[in-house]
Amino acid sequence: MSRDYVALNRTGDKMPLVGFGCWKVDNKDAEQIIYDAIKVGYRLFDGACDYGNEKEIGRGIARAIKDGLVKRQDLFIVTKLWNTFHGKEHVREAFEKQRQELGLDYIDLFLIHFPVPLKFVPFDKAYPPGWYQPGGNKLEYERSPIHQTWPEMEKLVDDGLVRNIGISNFNVQSIIELLSYCKYKPATLQVENHPYLPQKRLVEWVQAQEIHITAYSSFGPGSYIELTEQGKTAKPLLEHENVESIAKKHGKTTGQVLLRWAIERDIAVIPKSVHVERMRSNLDIFSWSLTDEDRKTISKLDLGLRFNDPDSYGFDLPLFS
Ligand code: NAD
């Protein structure tokens, strides 16, 4: 595959197949890391209100534009609506806060982060708010159905503030529901996807609806070691012998094998690394291919093993059950 982008439904916008994930990029380093990533060649940045680093990401983008590394239109900026802002009266103000923090005129892709409407938290009480009310220790839901949230997302498109809208962590049932009333169907679905959780049928079905899939956590347990029991106990995919043998055969790194496996399924990836060498190698996955045998070897790793499950963080929410 030599194509390094996918064309999104409705707009035809070219979304890069490899982007840069901004979760857990430290505030103090974020401006420089984003600048470095742009310099290395990343054009898509995947952020979220919940990551708490949009101001610094915005500064990195602004500096790169000012220094002439890129133009705004060369970049593809993704961010996400947090759970506490699903109320139809809150979508726009939450979006505007994010857009201002990022310092941008428009966002390329705005996603609903989770299909989980939580009770509103005002900006001056806590920002980003997280899963609980300030000082709380259990989830408090809000009666904000997606059929009210989505039209507000669509209005952001109509007003020229967002080019594309999409969803994250939705399952087939909730997508069918959304497709039954939306004016603009989601451009993308962002979900956890790696060889321990390939979600073959979900991917096929969603792609058949002309909704592009973006995989998060392509390296599996790596980012969940301190967060969940599964993250701690699962064998790191980057060190798995099945992946290592393929990497050795092609003279590639295990990271490149895992990312290549995704893009060959037309799934976009958003690996996160703060090291320039790894950033470079994660981006360099277009000049070679896996064989059928490699794919068979990787398919043996399917354990249905999910790491980003609110339930395993102790939130009493078996979202994917
Ligand atoms: P990831 O799979 O990109 O793995 C990151 C970890 O792998 C880091 O510890 C990093 O140091 C290490 N790493 C990166 N490149 C490497 C390489 N070449 N060799 C060895 N180690 C390497 O993990 P992630 O951060 O979970 O996911 C990527 C992005 O997906 C996030 O930054 C975020 O933008 C997005 N995301 C979205 C959701 C969601 O709910 N929508 C959830 C999780 C992540």
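About the criteria used
Residues numbered from 1 in each chain as written. Predicted model: local features only at pLDDT ≥ 70, side-chain atom pairs only at ≥ 80, totals over all residues. Heavy atoms only, no water. UniProt positions renumbered as here; feature names shortened; annotations may be inferred. Salt bridge = Lys/Arg side-chain N within 4 Å of Asp/Glu carboxyl O. Helix = DSSP H or I, 4+ residues; strand = E, 2+ residues; numbered from the N terminus. Near = heavy atom within 4 Å. Polar contact = N/O pair within 3.5 Å; in protein donor to acceptor, adjacent residues only side chain to side chain. Areas by Shrake-Rupley, 256 points an atom, 1.4 Å probe, with all protein chains shown as cover. 1 Å grid on protein atoms, 1.4 Å probe; cavity = no way out; pocket = protein on both sides within 12 Å on 5 of 7 lines; lining within 4 Å. Sits in = over half its atoms within 2 Å of the grid points. Nonpolar A, V, L, I, M, F, W, Y, C, P; charged D, E, K, R; others polar. Buried < 20%, exposed > 50% of the residue type's maximum accessible area, 1.4 Å probe, protein only. Contact = heavy atoms within 4.5 Å. Axes fitted to C-alpha atoms, helices over the stretch in contact; angles between N-to-C directions. Parallel < 35°, antiparallel > 145°, perpendicular 65-115°, else oblique. Pairing = 2+ DSSP bridges.

In the nomenclature of an unreviewed UniProt entry, the protein corresponds to Xylose reductase from the organism Syncephalastrum racemosum. The record held by UniProt for the protein lists under Sequence similarities (unreviewed entry) the comment "Belongs to the aldo/keto reductase family."

Colleague: Before we go on, may I ask you to explain the pattern of salt bridges in this structure?
Modeller: Should the charged atoms of two oppositely charged side chains come close, the side chains can pair. This structure, assessed with the given rule, holds 23 salt bridges. In this structure, Asp 159 engages Arg 92 in a salt bridge whose closest nitrogen and oxygen atoms are separated by 2.6 Å. With Asp 159 in the loop between helix H4 (146-158) and strand S7 (162-168) and Arg 92 in helix H3 (residues 91-102), this pair connects stretches of sequence that are 67 residues apart. Measuring nitrogen to oxygen at the nearest pair gives 3.4 Å for the salt bridge that ties Lys 119 to Glu 140.

Colleague: Explain the site of the ligand here, please?
Modeller: Around the ligand sit 25 residues, and of these Asp 46, Ser 168, Asn 169, Ser 217 and Ser 223 come closest. In the model, an oxygen atom of the ligand is placed 3.1 Å from a nitrogen or oxygen of the Trp 23 main chain. Here a nitrogen atom of the ligand sits 3.4 Å away from a polar atom, N or O, in the side chain of Tyr 51. Relative to its unbound accessible area of 830 Å², the ligand is 89% covered by the protein chains. More than half of the atoms of the ligand fall within 2 Å of the grid points belonging to the largest pocket. Taken together, the residues of the shell around the ligand break down into 10 nonpolar, 11 polar and four charged.

Colleague: Where do I start with the UniProt feature "site: Lowers pKa of active site Tyr" (unreviewed entry) in the protein in this structure?
Modeller: As recorded in UniProt, the feature "site: Lowers pKa of active site Tyr" (unreviewed entry) lies at Lys 80. Counting through the fold element by element, Lys 80 comes out in strand S5 (residues 76-81). The exposure class of Lys 80 is buried, given its relative accessible area of 1%. In this structure Lys 80 touches Asp 46, Gly 47, Ala 48, Cys 49, Tyr 51, Gln 98, Phe 110, Leu 111, His 113 and Gln 190, once residues within four positions along its chain are discounted. Of the polar contacts made by the side chain of Lys 80, one reaches the side chain of Asp 46; its length is 2.7 Å.

Colleague: Before we go on, may I ask you to explain the packing of helix H8 (residues 241-250) against helix H9 (residues 254-263) in this structure?
Modeller: Angle between the axes and distance between the axes are the two parameters that describe a pair of packed helices. Packing of H8 against H9 brings their axes to within 8 Å, and their N-to-C directions diverge by 95°. Here H9 runs roughly perpendicular to H8, going by the angle between their axes. Contacts between H8 and H9 involve Val 243, Glu 244, Ile 246 and Ala 247 from the former and Thr 254, Val 257 and Leu 258 from the latter. Its residues assigned to classes, the contact of H8 with H9 comprises five nonpolar, one polar and one charged.

Colleague: I keep staring at the sheet that holds strand S3 (residues 20-21) and nothing clicks. Help me out?
Modeller: The strands that make up a sheet pair up through hydrogen bonds in the backbone, lying either parallel or antiparallel. Here we have eight strands laid out as an open sheet, ordered S3-S4-S5-S6-S7-S8-S9-S10, and parallel in their pairing. In this open sheet, the two strands that pair with only one neighbour each are S3 and strand S10 (268-269).

Colleague: Whenever I open this one, unusual backbone geometry confuses me. Can you help?
Modeller: Most peptide bonds are trans, and most residues other than glycine sit at a negative phi. The amide bond that connects Tyr 127 to the next residue, Pro 128, takes the cis arrangement and shows omega of -5°. With respect to the secondary-structure elements, Pro 128 resides in the loop between strand S6 (107-112) and H4. For Lys 24, which is not glycine, the phi dihedral falls at a positive 70°. Relative to the assigned elements, Lys 24 resides in the loop between S3 and helix H1 (27-40). In this model, Asn 169 sits at a positive phi of 60°, which is unusual for a non-glycine residue. Turning to its location among the elements, Asn 169 is positioned in the loop between S7 and helix H5 (172-179).

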